[in-house]
Amino acid sequence: MTASDKPGVSRRTFVRASAAGLALAATARPLPAAARASTARAAAIPYVGAGSNTAVRPFQLGEVRLNAGLLQEKRDRMKAFLRAFDERRFLMLFNDQAGRPNPPGLQLPGGWENGGLLSGHWAGHYLSALAQAYADQGEQVFKDKLDWMVDELAACQAAITARMDTPGGGNEPEEPVIGRVEGRFGRGLRLNGGSGAEHLRLPQEAVSQLTDFTIATWVNLATAQTWSRVFDFGQSTTVNMFLTARSGAAGNPPRFAITVGGSGQEQQITGPSAVPAGEWVHLAVTLAGGVGTLYVNGSAVATNPGMTLDPTSLGVPGNIWIGRSQYGDPLLDATIDEFHIFDRALGAAEVQSLTTSAAGSTGGGNIAWYRFDEEGGSSALDSSPNGRDAGIVPVTQGGGGLWVPTHPGYLGAIPEDAVIRLGPPRFAVYGSNLDTNVWAPWYTQHKIMRGLLDAYSLTGNERARDVVVRMAEWAHLALTVGDKNHPQYQGPLTRSDLNLMWDTYIAGEYGGANEVFPEIYALTGDERHLETAKLFDNRESLFGACVENRDILVVTDPAGLGRRRPARLHVNQHVPNFVGYLRIFEQGGGQDYLRAAENFFGMVVPHRMFSHGGTGGNYPGSNNNLEMFQNRDNIANALAQSGAETCSVYNVSKLARNLFFHTQDPAYVDYYERAVLNQIAGSRADTATTGNPQVTYFQPVAPGASRSYGNTGTCCGGTGLENHTKYQDTVYFRSADGSALWVNLFVPSTVTWAKKSFTVTQETSFPRESGTKLRVDGSGRLDIKLRVPAWARNGFTVLVNGTKAPVGAAKPGTYVTLRRTWRRGDVVEVSMPFGIRIERALDRPDTQSVMWGPLLMPIVGDPGGGGYRELSLYRYLKRDGDYARAAITPAGTSPAGDPLFTTHGFTLRPWYVGDTQPHSAYFRRVEPRIVFGSIDSGVPNVKRDDGLPKYDVPVSGIPSPGTDGLTFLDVVWDQAPFATHGAFVSTVARTAGEFVRAGRLTEAQKDAVVAAATSARRELTPEP
Ligand SMILES: [Zn+2]
């Protein structure tokens, strides 16, 4: 048990504990026995991962240890979750596919690890997290869990492959026959009444981003059963929203309810009287603001004006069902028809109109519309433009045999067919029909393979290596020979087939699958694996464009770029592809792979980066999916209420780290630090809860937005397990030739470079305070390269044993080199005072974030109404331009020890603080007049024409460029500090001259401005 596991230990205590711990560390704290064993084992394994053959290389996780501080605290909270989770739950779905029994009484992990088409992904993340957690400090509990899981997965893999050799063993399940019946308009779908249909699963996007909404449908109850659900969307019995036609309350009235705290905290709308069975009844629920209304047959029958929850409160609901209850109530025994979902509350007349025709006056549900007019089959087609087909789950037949694999070596929590149907001849698309759709099958394969590789490389589990090599052999067959047992099989996959697959929205999301095969090639020398990695090249659109540095993340004509690519690419579908391209490059794949990755990164950072490091969100005119890339340079107009998926920052930062190995461009580490200290650290709640991972999905940067934590079984819940168990991976790097130690990040930590007999310990409270001290335990020649962060504009000085080191004027955004023959006990002190910086959005310079050194400092609270906090700050500045002097001033520390600031009565605190308080990452700068201290020139603070915004694709609702450049005062103060008042006045005069020439100021206004500046000597003189 480590300090942070003890309840009630505050951050402040950690800092104190840290000092004690550091003193120990400085005298070479011995590693626990288990950690020594793990380090020794891991050292014997050839390292084939990121940067394995580059000039600058990583240390293995076990060679760097975090000491007490912010990141260790976040890590230990995640370790507590990993420890508490019953790993047997992860095996249940794998056992089902393998035909192996499960112990009674266990529950599936939940979320998307629930038997749906993404199942298995979370198990893979858990393997990686266990391996990382064990590599860190060698706690045996993580190794025990990991080894057990690997043994069981190996048995599942063997059992599945063995079915290929059993004569007559295993029967393909019959394709279910699901019929349609007469509906209210055209055909309808009979649930649980002989049609073969049991319930429906709807895709995630049909619900997860709704606030106001309407859900309307026809239902014809076959029996007067109570509590059966017309629909039930949610995660569990705790978090859900449902509609029942007959509740079990007195009189069996219809009821809508939504809750995030179980049945005891439901916000309900209950009708007055029971809905009859045996006839068509139209039911609708609307939510507008906080007002919910229930309609029966077109008439409003009940309202609840106090609704505070909406579908976004459900987080990421994994169970989006028609006809099935989270509670296991009886399945709906009824016929349904015309099921609409709208992203707004329909008016009473519109609801009424739905009772007289299929679409009424509405045009049909604009989020989804299931008409059930198909003749049969197990998909309910979406008649909205969104293609959100639902899957019809057949009535369980029982007794079906186990499927027989097409190729040996498959391992998964879903049938092999749910992976290979992505390819020809079926080219399955994303959806929730378990028999015909796919959901990122190669993404899931990647997670499982990555987990096994981590189990091998970080903890020395040899069986994991065997299993993953067999999986790789299966993957090669699946992506070359393909679906050879299918009746329409046409032969091996072609390049064109692969291009089509990888361009398909979500279905073709393969994560970083192409990163594992080059590693397996490096381990085995088997050329097939490098070939497999290249099969993932997305050559029809994105790969080629990135080689040529053409930014096609958002396009107006998707048809011109690929047969299936959408107009906006999905962030997390594509970012990890480029990490894989770098792995291929490292194994001799060719220069294009490096170039594509460098160029792609440049399209995201800074052109689509928010100040917390995240990316992805909506922009005006495009509001259908927050996981997509926003338009290039679209920051201020993409500050969506949600957006900036946490998986995306996991992958963009990973890409930055990988690029640094090849380029040593300090800008990549500047980005990495921003991502880790802001969005990633802020993605873990500061709670002791172990019931779920307590991590974020989206981290919205809209004014007054808040974060929510949880994410069992989601993508972000998976990358979240990894984020917080690998904080030490980029703190130090080493040169391949052993000549240099790179100190990239300032983090309390110890690196042990065994080959060089060097141990270096950083004593620091960074990022709560600036500055760090390095204690060197080792002797001999070595270059220590210290990163000078791009934000370090208030100086960067280095003392070695108390004497100023000859590093010159250290330039922000570089590394300085300390070249010397070190002696045991040498001490390096680095000073780099934080300052307040204002960062402006690229497209709207008046939309700004406050940074304190590397930290984003959001303004706590909700301005309300979706508006921004408006701040005027220039009148507080002195000649030195230091905002911290009077405009945004230090306000001590929080009880937890975090730096606080205040401005205009508002509090600012670091983004990394993990709670649910509303806050604003951006504020609006309002500086209407040219003022110098309290002296007002009387002249408006006009804006320059900077041709903004510079979006590459027109954005509806945004005026044409030319109205939104820097203001006069922006241009002047960007040149601070000023050594003398004279220098200040001449800058004002020169700038005013430029504005006169540009037609923005008159000569008379210029004179007034210069006169005001001249008279402001006392106003602008900094107090000593
Ligand atoms: Zn995610």
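Figured I'd write up the structure that's included with this text. Here, residues in each chain are numbered from 1, in the same order as that chain's written sequence. Local features in a predicted model are, by the rule used here, given only for residues with pLDDT of at least 70; side-chain atom pairs are given and counted only at 80 or more, and totals for whole chains, interfaces and linings are based on all residues. The basis for the side-chain values is all heavy atoms of the structure; hydrogens and waters are excluded.

## Re the overall build of the chain
- Under the DSSP-based scheme used, a helix requires at least four consecutive residues in state H or I and a strand at least two consecutive residues in state E, with every element numbered from the N terminus. Scanning the chain from terminus to terminus reveals 24 helices and 40 strands.
- With C-alpha atoms as the basis for the radius of gyration, the globule rule is written as 2.2 Å multiplied by the number of residues raised to the power 0.38. Against the 2.2 N^0.38 benchmark of 31 Å for 1024 residues, the chain shows a C-alpha radius of gyration of 30 Å, consistent with a compact globule.
- Dimensions of the chain, computed from the C-alpha atoms along their principal axes, are close to 90 × 70 × 55 Å.
- A total accessible area of about 34,900 Å² is found for the chain, and carbon and sulfur atoms account for 51% of it.
- Here the chain contributes 96 positively and 99 negatively charged side chains, and the mean placements of these two sets differ by 8 Å. Here the Shrake-Rupley method, with its probe set to 1.4 Å, supplies the accessible areas, and only the displayed protein chains count as covering residues. Residues scored as charged are limited to Lys and Arg (positive) and Asp and Glu (negative), so that His and the chain ends carry no count. Lys charges are placed at NZ, Arg charges at CZ, Asp charges at CG and Glu charges at CD.

## Remarks on the coordination of the zinc ion
- We call an atom a donor if it is N, O or S and sits within 2.8 Å of the metal, or 3.2 Å for Na, K and Ca. Water is not counted, so some sites may look partial. Around the zinc ion, the protein contributes the donor atoms Glu-645 (OE), Cys-647 (SG), Cys-715 (SG) and Cys-716 (SG), at 2.1 to 2.4 Å from the metal centre.
- Viewed at the metal, the four donor atoms of the zinc ion are separated by angles of 94 to 126°, and the geometry they form is tetrahedral.
- We note that the donor set of the zinc ion lies within a single chain, spaced as E-x1-C-x67-C-C. Any coordination sphere not matching a tetrahedral pattern (four donors, all angles between 85 and 135 degrees) or a square planar or octahedral pattern (four or six donors, opposite donors over 155 degrees apart, other angles between 65 and 115) is reported as irregular.

## Topic: the nonpolar core
- Residues belong to one nonpolar core when they are buried, are Ala, Val, Leu, Ile, Met, Phe, Trp, Tyr or Cys, and are joined through side-chain atoms within 4.5 Å. Only protein chains enter the area calculation, which uses a 1.4 Å probe; residues under 20% of their type maximum are buried, those over 50% are exposed, and those in between are partly exposed. In this structure, Trp-442, Leu-452, Leu-786 and Phe-932 are the most contacted members of the largest nonpolar core, which totals 246 residues.
- The residues contacting Trp-442, other than those within four sequence positions of it, are Val-419, Leu-422, Trp-474, Ala-475, Ala-478, Leu-479, Trp-502, Glu-509, Tyr-510, Ala-513 and Phe-536.
- If you look at the next biggest cluster of nonpolar residues, it comprises 48 residues, including Val-230, Leu-309, Ala-334 and Phe-372. The contact rule is simple, with two residues in contact once any of their heavy atoms fall within 4.5 Å.

## With respect to helix 11 (residues 495-502)
- With respect to burial, helix 11 is a largely interior element, six of its eight residues being buried.
- Among all positions in helix 11, only Asp-497, Leu-498, Asn-499, Leu-500, Met-501 and Trp-502 are buried.
- Those residues of helix 11 hidden inside the fold are in contact with helix 9 (441-459), helix 10 (462-480), helix 13 (527-535) and helix 15 (571-586).

## With respect to the sheet that holds strand 19 (residues 732-735)
- Here, a strand pair is defined by DSSP locating no fewer than two bridges between the strands. Taken together, five strands build an open sheet; the order of strands is 1-19-20-24-27 and the sheet is mixed. One side of each edge strand has no neighbouring strand; the edge strands of this open sheet are strand 1 (56-58) and strand 27 (814-822). Averaged over all pairs of adjacent strands, the angle between their axes in this sheet comes to 30°, without regard to strand direction.
- One ladder, built from three bridges, connects strand 1 with strand 19; its direction is antiparallel. Within strand 19, the residue paired with Val-56 across the bridge is Ser-735.
- Note on method: axes are straight lines fitted to C-alpha atoms, helices fitted across the in-contact stretch only, with angles between N-to-C directions ranging 0 to 180 degrees. Contacts from helix 17 (residues 646-663) reach strand 1, strand 19, strand 20 (740-743) and strand 27 within the one sheet, and its direction differs from that of strand 1 by about 145°.

## Some points on the side chain of His-282
- Within the secondary structure, His-282 sits in strand 11 (residues 280-288).
- In contact with His-282, not counting residues within four places along its chain, are Ala-216, Thr-217, Trp-218, Tyr-295, Val-296, Asn-297, Val-351, Leu-354 and Thr-355.

## Points about the sheet that holds strand 25 (residues 797-800)
- Taken in spatial order, the seven strands line up as 2-21-22-23-28-25-26 in an open sheet, and their pairing is antiparallel. At either margin of the open sheet sits one strand with a lone partner, and together these are strand 2 (64-66) and strand 26 (803-804).
- Note: strand 22 (residues 758-763) against strand 23 (residues 772-777), five bridges, orientation antiparallel. In the sheet register, Gln-762 faces strand 23, and the bridge partner there is Leu-774.

## Thoughts on the packing of helix 9 against helix 12 (residues 513-524)
- Look at helix 9 against helix 12: their axes get within 8 Å of each other, and the N-to-C directions meet at 40°. The orientation of helix 9 with respect to helix 12, classified from their angle, is oblique. Crossing of helix 9 against helix 12: the hand is left-handed. Residue-level inspection shows Trp-442, His-446, Met-449, Arg-450, Leu-453 and Tyr-456 of helix 9 in contact with helix 12, the latter providing Ala-513, Glu-515, Val-516, Phe-517, Glu-519, Ile-520 and Leu-523. Should an angle fall under 35 degrees it is taken as roughly parallel, and over 145 as roughly antiparallel, whereas 65 to 115 is taken as roughly perpendicular and any remaining angle as oblique. If you view the pair so one helix is near and one far, a crossing is left-handed when the near helix is turned anticlockwise from the far one by less than a right angle, and right-handed when it is turned clockwise.

## Considering unusual backbone geometry
- The residue after Val-605, namely Pro-606, is reached through a cis peptide bond having omega 5°.
- For Pro-606, the position within the fold is in the loop between helix 16 (591-604) and helix 17.
- Unlike most non-glycine residues, Asn-252 shows phi in positive territory, near 50°.
- Turning to its location among the elements, Asn-252 is positioned in the loop between strand 8 (240-244) and strand 9 (255-259).
- Of note in the backbone geometry, His-904 takes a positive phi value of approximately 50° without being a glycine.

## A closer look at empty space enclosed by the protein
- Method remark: on a 1 Å grid restricted to protein atoms, a set of points is classed as a cavity if a 1.4 Å probe fits but cannot get out and as a pocket if it is open with protein on both sides within 12 Å along at least five of seven lines; lining residues have an atom within 4 Å of a point. Grid points are joined across faces, edges and corners, and a volume is the space filled by probe spheres set on the points. As enumerated under the stated definition, the model contains seven cavities of 30 Å³ or more in all.
- Surrounding the largest cavity, 29 residues form its lining, Tyr-47, Gln-132, Arg-450, Asp-454 and Arg-657 being those nearest its centre.
- Of all the elements in the fold, those that place two or more residues in the lining of the largest cavity are helix 5 (121-137), helix 9, helix 12, helix 15 and helix 17.
- Residues that form the lining of the largest cavity fall into these classes: twelve nonpolar, seven polar and ten charged.
- Its volume calculated, the second largest cavity comes out at about 180 Å³.
- The wall of the second largest cavity is formed by 18 residues, among which Arg-201, Leu-202, Gly-318, Ser-432 and Trp-439 lie closest to the centre.
- Per-element tally for the lining of the second largest cavity: the top contributor is strand 14 (residues 319-322), with three residues.
- Put simply, Ala, Val, Leu, Ile, Met, Phe, Trp, Tyr, Cys and Pro go in the nonpolar bin, Asp, Glu, Lys and Arg in the charged bin, and everything else, Gly too, in the polar bin. Tallied by class, the residues present in the lining of the second largest cavity amount to nine nonpolar, eight polar and one charged.

## Topic: the packing of aromatic side chains
- Stacked, edge-to-face and tilted labels apply to pairs of Phe, Tyr and Trp rings (six-membered ring for Trp) whose centres lie within 6.5 Å, assigned for plane angles under 30 degrees, over 60, and everything in between, in that order. Considering all chains together, one arrives at 50 aromatic pairs under this definition.
- Judged by centre distance (4.7 Å) and plane angle (80°), the rings of Phe-543 and Tyr-581 are edge-to-face. Taken together, the positions of Phe-543 in helix 14 (residues 542-547) and Tyr-581 in helix 15 put the pair 38 residues apart, joining distant regions of the chain. Like Tyr-581, Phe-543 is buried.
- Between Trp-973 and Phe-984, the aromatic rings sit 5.2 Å apart at their centres with planes inclined by 40°, giving tilted as the arrangement. Here Phe-984 lies in helix 22 (residues 981-997) and Trp-973 lies in helix 21 (residues 968-973), a separation of eleven residues in the sequence.
- A connected cluster of aromatic rings, assembled from ring pairs, spans Trp-403, Tyr-410, Trp-442, Trp-474, Trp-502, Tyr-510, Phe-517 and Phe-536.
- Only when the NZ atom of a Lys or the CZ atom of an Arg is both within 6 Å of the ring centre and within 35 degrees of the ring normal do we say a charge sits over the ring. Here the basic side chain of Lys-447 rests over the ring of Tyr-443, its NZ or CZ set 4.4 Å away from the ring centre.
- Above the plane of the ring of Trp-753 lies Lys-756, whose end atom (NZ or CZ) is 5.9 Å from the centre.

## With respect to the pairing of strand 4 (residues 187-191)
- Most of strand 4 sits inside the fold, with four of its five residues counted as buried.
- Relative to strand 4, strand 3 (residues 181-182) runs antiparallel, the two being bridged by two bridges. Residue pairing for strand 4: Glu-182 is matched across the bridge by Arg-187.
- Hairpin connection from strand 3 to strand 4: four residues lie between these consecutive antiparallel strands, with Gly-186 at a positive phi of about 70°.
- By the bridge criterion, three bridges tie strand 4 to strand 15 (residues 334-342) in an arrangement that is antiparallel. Within strand 15, the residue paired with Arg-190 across the bridge is Thr-335.

## Describing helix 10
- The end-to-end C-alpha separation of helix 10 is 28 Å, in line with the 27 Å expected for 19 residues at 1.5 Å each.
- Those residues of helix 10 not exposed but buried are Ala-464, Val-467, Val-468, Val-469, Met-471, Ala-472, Trp-474, Ala-475, His-476, Ala-478, Leu-479 and Thr-480.
- Packing partners of the buried residues in helix 10 comprise helix 6 (140-162), helix 8 (417-420), helix 9, helix 11, helix 12 and helix 13.
- Between a side-chain oxygen at the N-terminus of helix 10 and the backbone nitrogen of Arg-463 the separation is 3.0 Å; the capping residue is Asn-461.
- Gly-482 occupies a position one or two residues after helix 10 and carries a positive phi of about 80°. Helix span, as expected, comes to 1.5 Å for every residue beyond the first. Any pair of N or O atoms that falls within 3.5 Å is considered a polar contact. Within protein, one atom must be able to donate a hydrogen and the other to accept it, and sequence-neighbouring residues count only if both atoms are side-chain atoms.

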